[in-house]
Amino acid sequence: MRRRRAGALAPYFLVLPGGLWLAIFFVVPTAVMLSVSLQTGNVVDGFTQTFDFGVYADAITTYETQFIRSLIFGLIATVTTILLAYPMAYWIAFHAGRNKSNYLFGVLLPFFVSFVIRTVSWKFLLADDGILLGNLKDAGLLPADFHVLATSFAVVAGLTYNFFPFMLLPIYVALERIDPRLLEAADDLYANRRGVLTRVVLPLSMPGVFAGFLLTFVPATSDFVNAYVLGGTNTTMIGNIIQTTYLTNADYPLASAVSFILMAVLLIGIFVYARLLGTRDVLEMSTR
Amino acid sequence: MTATGHTATGHTATGHTATGHTATGDAATGAPPAIELAGVAKDYHSRGRAVPAVSRIDLAIGPGEFFSLLGPSGCGKSTTLRMIAGFEEPTRGRILLQGRDVTAVPPNRRDVNLVFQSYALFPHLDVAGNVAFGLRRRGVKGRELRERVGTMLDLVELSELAERRPRELSGGQQQRVALARALVNRPAALLLDEPLGALDLKLRQTMQIQLKAIQREVGITFIYVTHDQGEALTMSDRIAVMNRGRVEQLASPREIYERPRTRFVAGFIGTSNLLRRTVRAVDAAGPGGRAMVVLDAGADERLSAPLHPQMGPLRTGDQVELTVRPEKIEMSATRPDGPCCALRGRIVEVVYLGTYTTYTVATHGGTEITVFWQNSTDSTNVAERGEEIWLSWLPEHSYVLPESADEEPSTPRSGGPDPGGPPEGDAPRRNGEPAAGAAAQTPTATAAHPVSP
Ligand SMILES: Nc1ncnc2c1ncn2[C@@H]1O[C@H](COP(=O)(O)OP(=O)(O)O)[C@@H](O)[C@H]1O
Ligand SMILES: [Mg+2]
């Protein structure tokens, strides 16, 4: 009897550590953030809980542009990483032969360098008179006022580059797991190369694309480093707004409200995306 | 027993294969064979070395035939099948499909379909989607698609499960989906690579009968790969017994069982007794006009057997092996009369197995012979361990085989002529011991004995 009871409880013990972790570091701060967003006051006089929901309306009207820009930047960067990472993962998984892990390691090598340092080195590279543009301008190949930094392009390119491995790895894992005999079976059943790709490989790798999308889109949309280092005043993203509102202006309620809105928008976006793609299918496939 | 293990006639019979044998194509209608392999060989390359997987195969498989490739693991069956399907390119030779050379044609444009041992069902498609896959790729749509898929699902009794995913099916059901997915395309030939290997015994036996029935119903040529001799004997019209990348014998199940042409075949299919003896005389015109070989035997004893029809001429003094099935041997207390073969022996083991009893009898030469004795109502014949008895059988129930050097059926032999195996000593040797994995169905006298001596 006792052993049975312990057996029935075992799953809960397995969940417990992770559950506690999430409760302490996610649920509590979120609740705190929610409460802070509904306070009024300033650093000097202190904050009081006033349940003033007006701050949310303020946040949206004031930073509408940055919200939309962040979503668009995040989306473009995510789609671009899919387009870049998928063929590469495909090639490594199916055509790299015995050197698979070497290629994978090679691709991931730059990402062992700190995120910030990589982005800053991009800045050197792309500076208006840096080694790349400077020389091209000297050679008369580019107009003197041509610049890359401080443009939307630079920010999106930085995002694409920085989140590349988060897309590549899940797609690679999904492709790698495909039983090669399924490809042979498709070939045997009269599918040409395109048929094999669209009817077997793509559907079976969707869980990887789904995971890669989440891992890229969410942090890319709320990223502030790329816009900070590579962008200008016209490319400010919502992450930068949260940063300045919180650290520079010390307007904690507004910063909290902006964060909360961002979280809600991302959650809704992901929910819609999962619905469109059919999560049940995606999850089922990944557990086959 | 003589110790000189010369193989004067050895290997002549193992070299060539189906050529010159029966039933290639449909002679009556003049239709070309469904599949023809002409001198097909395949080397794999590993670490810069060519490793032969299939040495040379010549086959012609008639339309509507149930044809089996039977052999131990690693003998090249799958490689042969994969070359027919188009997944492997032959190193040498040609493959013809209904008379057309398809050697260079990719799998998706070959009119054959493969049933994988692991089934390889598409996990993201339901049963109907799996079955429709091939038809869709060939542009079949709408009503025709639905009808053909429906008919096929009815045939394999899966209509109720059409919307299930492969993961939600049992092994036997998955197997039937794999079969339906291939058959629905009505290929010129269906290739099956150990399709029942993953199923349990009971289900396997049911599926054997169903497969055979389905094949008869659809009339499509089946090429069936298996290492299970019972399976091959039950279902096939003809069997090619493979060993080390070659076909050792190609014939009907009955012919293969009753007249194994090589030592390997005799050992691999069922249980065989093999007696190594020296030729004393050859009677070119024995009974029925067939050549009879008389072999060395003790006083009063007599050993003679017809020469295997596909074996070259023999001379006095040649070393050969005589093979006789355990169920063809009679035991008696006194020497039987008549022109039968007769050997003296002593019973060393008795194993009671219900419907029959297995006796192991040591001859005076030291060879052990296995006898299956049917346990009928009349049980007066029962002999005891240690008793001296006579063994006898009709000469036409035995055959004389050339000696061959195929001791390790699982390692592929390197190309080129046979090295001519080393002479084997005449130490007492278990006869008819099946090759690894074979003869699972017929218990042999070497099975665990309940009484220790
Ligand atoms: N892809 C391959 N690369 C190298 N050797 C192989 C490959 N496939 C099979 N072989 C070798 O070829 C021989 C025949 O294999 P196979 O046709 O699979 O035998 P079977 O199906 O009769 O068990 C074996 O010795 C096997 O190890
Ligand atoms: Mg095999």
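Residues numbered from 1 in each chain as written. Chains lettered and ligands numbered in written order. Predicted model: local features only at pLDDT ≥ 70, side-chain atom pairs only at ≥ 80, totals over all residues. Heavy atoms only, no water.

Chemist: Just give me the short version of the overall build of chain A, but keep the residues and values in it.
Modeler: What chain A contains, in helices and strands, is twelve helices and two strands. In sequence order, chain A lays out its α and β elements as α-β-β-α-α-α-α-α-α-α-α-α-α-α. Dimensions along the principal axes, computed over C-alpha positions, put chain A at roughly 85 × 75 × 30 Å. Each of the 288 residues in chain A was classed as buried or not, and the buried ones make up 41%. Summarising the internal contacts of chain A: among those between residues at least 6 apart in sequence, 69% fall at separations of at least 24. In the structure as shown, chain A presents an accessible area of about 16,500 Å², 69% of it carried by carbon and sulfur atoms. Of the charged side chains in chain A, 18 are positive and 17 negative; the average position of the first set lies 17 Å away from that of the second. (Helix = DSSP H or I, 4+ residues; strand = E, 2+ residues; numbered from the N terminus. Buried < 20%, exposed > 50% of the residue type's maximum accessible area, 1.4 Å probe, protein only. Contact = heavy atoms within 4.5 Å. Areas by Shrake-Rupley, 256 points an atom, 1.4 Å probe, with all protein chains shown as cover. Lys, Arg positive; Asp, Glu negative; His and termini not counted. Charge placed at Lys NZ, Arg CZ, Asp CG, Glu CD.)

Chemist: Go over the sheet that holds strand β12 (residues 292-295) of chain B, please, and point to the residues and values.
Modeler: All names here are of chain B. A sheet is described by the order of its strands in space; here five strands give the open sequence β13-β12-β11-β14-β20, paired in antiparallel fashion. Looking along the sheet, the strands with just one partner apiece sit at the ends: β13 (303-306) and β20 (398-402). If you compare each strand with its neighbour and ignore which way they point, the axes differ by 45° on average. With four bridges joining them, strand β11 (residues 273-283) and β12 adopt antiparallel strand pairing. Residue pairing across strands places V279 opposite L295, the latter belonging to β12. (Pairing = 2+ DSSP bridges. Axes fitted to C-alpha atoms, helices over the stretch in contact; angles between N-to-C directions.)

Chemist: Kindly report on the sheet that holds strand β17 (residues 356-363) of chain B, identifying the contributing residues and their values.
Modeler: Residues and elements named next belong to chain B. Overall, antiparallel pairing links the five strands, which are arranged β15-β19-β16-β17-β18 in an open sheet. Only two strands of the sheet have a single partner each, and these edge strands are β15 (330-332) and β18 (368-374). Across this sheet, the average inter-strand angle for adjacent strands is 45°, counted without regard to direction.

Chemist: Explain a nonpolar patch on the surface residue by residue, including any values.
Modeler: Residues and elements named next belong to chain A. A cluster of nonpolar side chains, namely L9, Y12, F13, L16, L20, W21, L22, I24, F25, F26 and V27, defines an oily patch on the protein surface of about 1,200 Å² accessible area. Counting through the fold element by element, L9 comes out in helix α1 (residues 2-37). L9 gets classed as partly exposed once you look at its relative accessible area, which sits at 40%. (Patch = residues over 30% accessible without salt bridge, like charges linked within 9 Å, V, L, I, M, F, W, Y side chains within 5 Å. Salt bridge = Lys/Arg side-chain N within 4 Å of Asp/Glu carboxyl O.)

Chemist: Describe the side chain of R69 of chain A, with residues and values.
Modeler: Residue and element names in this part refer to chain A. Inspection of the secondary structure assignment puts R69 in helix α2 (residues 54-95). For the buried R69, which has no salt bridge, the nearest side chain bearing the opposite charge is E64, at an N-O separation of 12 Å. Those residues within four positions of R69 in sequence are excluded, and the remaining contacts are N234, T235 and T236.

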